[in-house]
Protein chains: 2
Amino acid sequence: MTLPPAVAAQVRFDERGLVPAVVQDAHTGQVLMLAYMNAEALAATLRTGEAHFWSRSRGALWHKGATSGNTQRVVAVRLDCDGDAVLLLVEPRGPACHTGAQACFFRELAPAGDAWRPLPFAPDTRHEHAA
Amino acid sequence: MTLPPAVAAQVRFDERGLVPAVVQDAHTGQVLMLAYMNAEALAATLRTGEAHFWSRSRGALWHKGATSGNTQRVVAVRLDCDGDAVLLLVEPRGPACHTGAQACFFRELAPAGDAWRPLPFAPDTRHEHAA
């Protein structure tokens, strides 16, 4: 499972062989999460049409949602100007976050800038009964 | 210029002292760029209300748009579930990308998955005459 040479040639994987991947809901525009891909994860994503990452904590290929069922169908894969960041536009089949929140970015700096506060919509419990 | 302790405590800067920051247009939802912040850049962003990053290539604090005029007014700062990624919602005063494109993610994988192709809207030349 390797990347086409013309694809691999423009991605600047870092010294760990990774590139950060921003995951955005293709329909709502919500930024769901940030994860990391190596060449194998990008190749698996292209081959299957579902988001795959490299789990830095487990040191293993990570098919997002393989356990939870909350997979992400990939609509588009974009690369930034200097090739060291990827943007995935996806159709999520459930919450992106392991906490059950729709998106991982559910803490926001308070207006005074002195603390993080949970956003009112998170953790997202709308999906608990549908799961 | 330091971060409030309650803010710093929940951000997991990596071994380089950096955290990736996704920058999203607060109004259109477009993901504009990905850059990196250290504690100083986050503190400068909070203090000024304008996006600051750490330039890895220059090894210096980077006030986005200080030279080009394309600054980013920060509407909200969010933190992800495990504290190792930041999301900035901004009002951009011009294109985010040094190429003149509105956003840095202007290459997309062709449907066959064998090459990157420029998106039709990029590089964005709408701003060339307004600059």
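Because the structure is a prediction, the values reported are computed rather than measured.

Caption draft 1: Local environment of the interface of chain B and chain A. Taken together, the contact pairs 40 residues of chain B with 40 residues of chain A. Interface area for chain B against chain A, summed over the two sides, is near 3,500 Å², with a carbon-plus-sulfur share of 62%. Counting across the chain B and chain A interface gives 4 salt bridges. Among the ionic pairs, E108(A) bridges to R78(B), the shortest N-O distance being 2.6 Å. Our count for the contact surface shared by chain B and chain A stands at 20 residue pairs in polar contact (both at pLDDT 80 or more). Of all elements in the fold, only helix 1 (5–8), strand 1 (19–25), strand 2 (31–37), strand 5 (72–79), strand 6 (86–92) and strand 7 (107–109) of chain B reach the threshold of two or more residues within the side of chain B that touches chain A. Class assignment of the residues belonging to the side of chain B that touches chain A gives a composition of 25 nonpolar, 7 polar and 8 charged. Where strand 7 (residues 107–109) of chain A lies against strand 5 of chain B, 2 bridges are found, and the strand directions are antiparallel.

Caption draft 2: Layout of the pattern of salt bridges. Counted under the stated rule, the structure contains 10 salt bridges over all chains. Two residues, D84(A) and R56(B), come together in a salt bridge whose shortest N-O distance is 3.0 Å. Linking D84(A) in the loop between strand 5 (72–79) and strand 6 (86–92) with R56(B) in the loop between strand 3 (52–55) and strand 4 (60–63), this pair reaches from one chain into another. What makes R56(B) partly exposed here is its relative accessible area of 42%. The shortest N-O distance in the salt bridge between R73(B) and E91(B) comes to 2.9 Å. With R73(B) in strand 5 and E91(B) in strand 6, this residue pair connects regions lying 18 residues apart in the sequence. Given the relative accessible area of 37%, R73(B) is considered partly exposed. When its relative accessible area of 24% is taken as the criterion, E91(B) is described as partly exposed.

Caption draft 3: Region of interest: the layout of surface pockets. Of the voids in this model, the second largest pocket is the one considered here, and its volume is about 600 Å³. Lining the second largest pocket are 23 residues, and of these M33(A), W62(A), H98(A), C81(B) and D82(B) sit closest to its centre. Of all the secondary structure elements, the ones that give two or more residues to the lining of the second largest pocket are strand 2 (31–37) and strand 3 (52–55) of chain A. No other element matches strand 2 of chain A, which puts 4 residues into the lining of the second largest pocket. Among the residues forming the lining of the second largest pocket, the class breakdown is 11 nonpolar, 6 polar and 6 charged.

Reading the values: the criteria
Residues numbered from 1 in each chain as written. Chains lettered and ligands numbered in written order. Predicted model: local features only at pLDDT ≥ 70, side-chain atom pairs only at ≥ 80, totals over all residues. Heavy atoms only, no water. Contact = heavy atoms within 4.5 Å. Buried area = accessible area lost by both parts, 1.4 Å probe. Salt bridge = Lys/Arg side-chain N within 4 Å of Asp/Glu carboxyl O. Polar contact = N/O pair within 3.5 Å; in protein donor to acceptor, adjacent residues only side chain to side chain. Helix = DSSP H or I, 4+ residues; strand = E, 2+ residues; numbered from the N terminus. Nonpolar A, V, L, I, M, F, W, Y, C, P; charged D, E, K, R; others polar. Pairing = 2+ DSSP bridges. Buried < 20%, exposed > 50% of the residue type's maximum accessible area, 1.4 Å probe, protein only. 1 Å grid on protein atoms, 1.4 Å probe; cavity = no way out; pocket = protein on both sides within 12 Å on 5 of 7 lines; lining within 4 Å. Points joined across faces, edges and corners; volume = space filled by probe spheres on them.

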